[in-house]
Amino acid sequence: MRALVISGGGSKGAFAGGVAQYLIENKHLKYDLFIGTSTGSLLVSHLAMNKIEEIKEIYTSVTQDSIFNVCPFKIKRKKGIETIGINHLNVVRNILRGSKTFGESFNLKELIKKNVTQDAFNHLKSLEADVVITVSNLSLNQVEYKSVKDFDYEEFCEWVWISCNYTPFMSLVKKNGCEYADGGLGSMVPIEEAIKRGATTVDAIILQTETTTFNRMPSLNAFSLLTNMFAFMLDRIESQNVRIGKFVATNQNAIINFYYTPTVLTTNSLIFEKEKMTQWWQSGMNFAKFKDEETSQLETE
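Scoring rules and cut-offs
- Residues numbered from 1 in each chain as written.
- Predicted model: local features only at pLDDT ≥ 70, side-chain atom pairs only at ≥ 80, totals over all residues.
- Heavy atoms only, no water.
- Core = buried A, V, L, I, M, F, W, Y, C linked by side-chain atoms within 4.5 Å.
- Buried < 20%, exposed > 50% of the residue type's maximum accessible area, 1.4 Å probe, protein only.
- Contact = heavy atoms within 4.5 Å.
- Helix = DSSP H or I, 4+ residues; strand = E, 2+ residues; numbered from the N terminus.
- Expected span 1.5 Å × (residues − 1).
- Pairing = 2+ DSSP bridges.
- Phe/Tyr/Trp six-rings, centres within 6.5 Å; stacked < 30°, edge-to-face > 60°.

Asker: So what about the nonpolar core? Which residues, and what values?
Answerer: Membership of the largest hydrophobic core comes to 91 residues, with the highest contact counts inside it found for Phe34 and Val202. For valine 202, the contacting residues outside a window of four places in its chain are Ala3, Val5, Ile191, Ala194, Ile195, Ile255, Ile256 and Asn257.

The following block contains the structure:
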């Protein structure tokens, strides 16, 4: 049983899309399980249906407005460097409305429903392959995995949206009496879950570099400090997930193929730019091709 696992990583998901496209279209790999966290959850449905060009078009054209109906920050560009500052007006308005978060991401929910139609969902549910979404249940202090096989159309779209909600910058969702947020807060790289579900070979796309690098700009304000702190915590969760995944794989005689980003793509994955994301998608394809050729060469020596 082969699984494709895609980590969280915001706009860096475009790189993951490129890697997945190469694995599916060029290597002709067939997957029995697609499991994603956050941005990975946005990719897996289309990848399972082999609608790669469609998801590529979505990923390489998304903007801040596509995601936020209330954007809590402003993007500032100075000498080619992008930083974020607080959008005080939006944040204050949101808090006065009684929101528990700085921003709201209901536009993303509509984008998901627009691109995963009822017909597409029915097709997805009829596939032999399973599609699983990672979410964090803050009320019960646990990670939950939601299979497309277990829900109707509206519920599944909502779970995909919840998986991407990077609180406190995006919406906090109350569902079934519990508060839910981004799956990455609990499991950035759900390799362990893939193996628990029977995977013997896992292709894991991890949206950070394999070795530690200087990948964040100095904090310029309270908001950028907060994003840096959250990014640090998510990186630690990701590293822990990888270690646990390797341990479980060793004990279950499973094989993991890792695809890390070869360079730091961005210092802030909440910034979505068409040109850069188009480049990252192609970079993902090129990197997967290079890694494939390198592996083939080693096997023949």
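Asker: Any details on helix α10 (residues 222-252)? Residues and values, ideally.
Answerer: For α10, built from 31 residues, the straight-helix expectation of 45 Å at 1.5 Å per residue is met to within 8% by its first-to-last C-alpha distance of 45 Å. Phi for asparagine 253, located one or two positions after α10, is positive at around 55°.

Asker: Explain the pairing of strand β6 (residues 142-147) to me, and be specific about the residues and the numbers.
Answerer: In the case of a regular strand, side chains alternate between the two sheet surfaces. Relative to β6, strand β5 (residues 130-137) is paired through six bridges, and the arrangement is antiparallel. The residue bridging valine 135 from the neighbouring strand is glutamate 144, located in β6. Linking β5 to β6, which pair antiparallel, is a turn of four residues; within it asparagine 141 sits at a positive phi near 55°.

Asker: Explain the packing of aromatic side chains residue by residue, including any values.
Answerer: Inspection of every chain in the model, using the stated rule, returns 14 aromatic pairs. Between phenylalanine 106 and tryptophan 161, the aromatic rings sit 5.2 Å apart at their centres with planes inclined by 40°, giving tilted as the arrangement. One end of the pair, phenylalanine 106, is in helix α6 (residues 106-115); the other, tryptophan 161, is in helix α8 (residues 153-164), with 55 residues separating them in the sequence. By relative accessible area, phenylalanine 106 is classed as partly exposed at 40%.

Asker: An account of the pairing of β5 is requested, with residue identities and associated values reported.
Answerer: Of all eight residues that make up β5, eight are buried, and the element is covered over most of its length. Burial along β5 is two-sided: the residues Asp130, Val132, Thr134 and Ser136 and Val131, Ile133, Val135 and Asn137 are all buried. Bridging between strand β2 (residues 33-37) and β5 involves five bridges; their strand directions are parallel. Residue threonine 37 lies in a different strand from β5, and its bridge partner there is threonine 134. Of the strand pairs in this sheet, β5 and strand β8 (residues 178-182) are connected by three bridges, and their pairing is antiparallel. From the neighbouring strand, serine 136 faces β8, where its bridge partner is alanine 181.

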